[in-house]
Amino acid sequence: MNNSNASGLVKYKENLMSLKSSFVSSFLRNGRPTSDKSRTAVVVNNFFLHLHGAKTHINTLKASYTLGLGLISFFLLVIAFISGGFLMVYYSPSTETAFNAVKDINFVVFGGKLMRNVHKWAGEAMIIFVILHMARIVYTNSYKRGREFNWVIGIILFLLTFVINLTGYMLPWDQLSYWALVIVSNIAAAPKELTDIFGITQYFDIGGATKEILLGGTEPGQESLTRVYLLHIMLLPLGICTALGVHFWRIRKDGGLSKPDSVKSSGSGLVNISPPKKQGDVFPTHKTYGLMELAKGRTPAVDNDVENTVTSWPNLFIAEIAVFIFTLAGVIAYSYFVDAPLKELANAAIPENPAKAPWYFLGLQELVSYSAFMGGQGLPGLAIAGLLLIPYLDREEEYFGVWFSNRQGKMIAIESFIVGAIAVIGSLVFVIKFGWFRNWWPNIHQLWIIAINPGNLLIGFVVAYSLFVIKRTGSTRMGTISLFTMFLVCYVILTYTGTVLRGPNWDFFWSASQWPIH
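In this text, all values refer to a predicted model and were calculated from it rather than measured experimentally. (Residues numbered from 1 in each chain as written. Predicted model: local features only at pLDDT ≥ 70, side-chain atom pairs only at ≥ 80, totals over all residues. Heavy atoms only, no water.)

## Some remarks on the overall build of the chain
Thought 1: On a plain count of helices and strands, the chain comes out with 20 helices and two strands.
Thought 2: Counting the 518 residues in the chain, one finds 44% classified as buried.
Thought 3: For the chain, restricting intrachain contacts to residue pairs at least 6 apart in sequence, the fraction spanning at least 24 positions comes to 77%. (Helix = DSSP H or I, 4+ residues; strand = E, 2+ residues; numbered from the N terminus. Buried < 20%, exposed > 50% of the residue type's maximum accessible area, 1.4 Å probe, protein only. Contact = heavy atoms within 4.5 Å.)

## Examining helix α20 (residues 476–501)
Thought 1: Counted at 1.5 Å a residue, the expected span for α20 with its 26 residues is 38 Å, and the 36 Å between its end C-alpha atoms agrees.
Thought 2: Backbone nitrogen of R477 and a side-chain oxygen of the N-cap are separated by 3.2 Å at the start of α20; the cap is S475. (Expected span 1.5 Å × (residues − 1). Polar contact = N/O pair within 3.5 Å; in protein donor to acceptor, adjacent residues only side chain to side chain.)

## Topic: unusual backbone geometry
Thought 1: Residue P354 is reached from N353 by a cis peptide bond, and omega for that bond is 10 degrees.
Thought 2: Note on placement: P354 falls in the loop between α13 (312–337) and α14 (362–368).
Thought 3: At R145, a residue that is not glycine, the phi angle is positive and equals roughly 60 degrees.
Thought 4: Counting through the fold element by element, R145 comes out in the loop between α7 (112–139) and α8 (148–170).
Thought 5: What makes R145 partly exposed here is its relative accessible area of 30%.
Thought 6: A positive phi angle is found at F404, which is not glycine, with a value near 60 degrees.
Thought 7: Of note, F404 is situated in the loop between α15 (372–393) and α16 (407–434).

## Quick notes on the pattern of salt bridges
Thought 1: This structure, assessed with the given rule, holds eight salt bridges.
Thought 2: A salt bridge links K144 to D394; the nearest nitrogen and oxygen atoms lie 3.1 Å apart. Linking K144 in the loop between α7 and α8 with D394 in the loop between α15 and α16, this pair joins segments that are 250 residues apart in sequence.
Thought 3: Since its relative accessible area comes to 0%, D394 is described here as buried. (Salt bridge = Lys/Arg side-chain N within 4 Å of Asp/Glu carboxyl O.)

## A few points about the side chain of S142
Thought 1: On the secondary structure map, S142 appears in the loop between α7 and α8.
Thought 2: Of the polar contacts made by the side chain of S142, one reaches the side chain of T140; its length is 2.7 Å.
Thought 3: Filtering out sequence-adjacent residues up to four positions away, S142 remains in contact with Y65, R136, I137, R147, S258, F400 and G401.

## Regarding a nonpolar patch on the surface
Thought 1: Where nonpolar side chains cluster on the molecular surface, the patch consists of F198, I200, Y203, F204, I206 and L447 and spans about 640 Å² of accessible area.
Thought 2: Position of I200 relative to the elements: it lies in the loop between α10 (192–197) and α11 (206–215). (Patch = residues over 30% accessible without salt bridge, like charges linked within 9 Å, V, L, I, M, F, W, Y side chains within 5 Å. Areas by Shrake-Rupley, 256 points an atom, 1.4 Å probe, with all protein chains shown as cover.)

## Some remarks on the confidence of the model for the chain
Thought 1: When pLDDT is averaged across the chain, the result is 87; 89% of the residues are at 70 or more.
Thought 2: Mean pLDDT across the elements of the chain bottoms out in helix α3 (residues 36–44) (73) and peaks in α7 (97).
Thought 3: Every residue in residues 263–276 scores below 50 in pLDDT, and together they form 20 contacts with partners more than four places removed in sequence or on other chains. (pLDDT = per-residue confidence, 0-100.)

## As for the environment of K192
Thought 1: Tracing the backbone through its elements, the reader meets K192 in helix α10.
Thought 2: Sequence separation of K192 and G207 is 15 residues, and the distance between their C-alpha atoms is 5.1 Å.

## A look at the packing of aromatic side chains
Thought 1: If you walk through the whole model with that rule in mind, you get 32 aromatic pairs.
Thought 2: A centroid spacing of 4.9 Å and a plane angle of 70 degrees characterise the contact between F158 and F162, whose relative ring orientation is edge-to-face. With F158 and F162 both in helix α8 and four residues apart, the pair spans about one turn of that helix.
Thought 3: A residue is classified by how much of its surface remains accessible, and F162, at 10% relative accessible area, is buried.
Thought 4: On the basis of an interplanar angle of 85 degrees and a centroid distance of 6.0 Å, the ring pair of F162 and Y360 is categorised as edge-to-face. (Phe/Tyr/Trp six-rings, centres within 6.5 Å; stacked < 30°, edge-to-face > 60°.)

## Let's talk about the nonpolar core
Thought 1: Of all hydrophobic cores here, the largest spans 91 residues; its most connected members are M134, Y139, W151, V424 and F484.
Thought 2: Residues within four places of W151 in sequence aside, it is in contact with M134, I137, V138, Y143, L387, L388, I390 and P391. (Core = buried A, V, L, I, M, F, W, Y, C linked by side-chain atoms within 4.5 Å.)

## Considerations on the environment of M115
Thought 1: With respect to the secondary-structure elements, M115 resides in helix α7.
Thought 2: A residue is classified by how much of its surface remains accessible, and M115, at 27% relative accessible area, is partly exposed.
Thought 3: A sequence separation of 28 residues divides M115 from L87, and the C-alpha atoms of the two residues are 7.6 Å apart.
Thought 4: M115 has contacts with S83, F86 and L87, leaving out every residue within four places of it along the chain.

## Comments concerning the packing of α16 against helix α19 (residues 454–473)
Thought 1: For the pair α16 and α19, the least separation of the axes is 11 Å and the interaxial angle reads 160 degrees. Compared by their axis directions, α16 and α19 come out roughly antiparallel. Of the two elements, α16 crosses α19, and the hand of that crossing is right-handed. On α19, the residues touching Q408, I412, E415, S416, V419, A423, V424, S427 and V431 of α16 are P454, L458, F461, Y465, V469, R472 and T473.
Thought 2: Residue composition of the contact of α16 with α19, by class: 10 nonpolar, four polar and two charged. (Axes fitted to C-alpha atoms, helices over the stretch in contact; angles between N-to-C directions. Parallel < 35°, antiparallel > 145°, perpendicular 65-115°, else oblique. Left-handed = near helix turned anticlockwise from the far one by under 90°. Nonpolar A, V, L, I, M, F, W, Y, C, P; charged D, E, K, R; others polar.)

Structure (structure tokens):
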């Protein structure tokens, strides 16, 4: 063997021995992240990480500020998508086979019950954490300074989260699924209440058309299940992923998560933000800056200094991994002990009593019991419009990124919580004890029921009280805190009432043990 052949084999052997290190360096592109510059390069040059900023403000890493609510919501979505992919392998979207397929997942497929539980509870937990994330945004005044439209994207994600959970609820095709679909289709047909009053239904039946599009007919059946399945596995996930991509992109372009202004007076009741001591590998004592960090631009992040920041690698990613582990562990633990419900096969001849929508729509169903149109579409539409307009009606720049803005904001939140709770509980007690117009005057015109009902009066009071707060404090920011707080209180109490306190015929019962026995 000549020398050239021998040297070639030696090089080949050396390449094999260094295979691990050469692969790692090709993956990282800029070598191991041992300095601020290389840590920045890891984020900037990685397809999956580049949506993060190269540097992260230390306020973002404080658990007491973000509470990890946005991250938890996102990780719950990831868990729901992965577990949903597993369930798709065994599910069959047919009225003849769907129920048995779900039973097989529960009792035949190895790990099927746990996976279905994980999918169910991750999806529903996402509703809770999305609402809490929205509350964090409102209470920290984080929908301003270029972030107004991202709030709108967030509201779209909020609505999509509700709808994708609702469509998933209907797929098992059991009694719960079937009668929930009936309720939802009736809510979709609610405009018929108005068109009947004005005698134009035969010419303009938008409610009936909407219901028929949803069901694929006049009654729930195979066409309905096909539509719901298509929405659940394709159209809604596509919409969520698109909106989520825009949401993340806007956060990145708007300079990352909100943070308080760097200088605050000690008498304002605010806590000053101080950087960690930079020592060791995680917080190095030296800082290096690349050209991109010095470039001039026109985004909201321009002219903001980079003080009180650390490199995203590894600080931010350690926090994200910790939140993911916590979220996954919580979902699995809950799913191990609590099973997703499954009742008998859907039967149109045996109605559920009470027939209820999923718990997160039961506040809406409570309003529907007062007026189908206003409770099902009118009031929810007004509530969504109010949420969308928050960043455009409240433009005060002070106290950006600070919980409740100041001491006054905290007091307004507490006050609004108490006033809102009294208002909604008072209205429920009155209706349960004394009834409403239809109970007093059975022949009253339906237009009066639509115009004046407990739901309308409650929402009117919430809006009026928030305007009163604005006038009293001279601050639209205080009015926003008041309005959103009472919105949350109303939603929670109405949902609890519909879930726990409503029984057969939508009558009031303190507990299910008091329901009449058939």
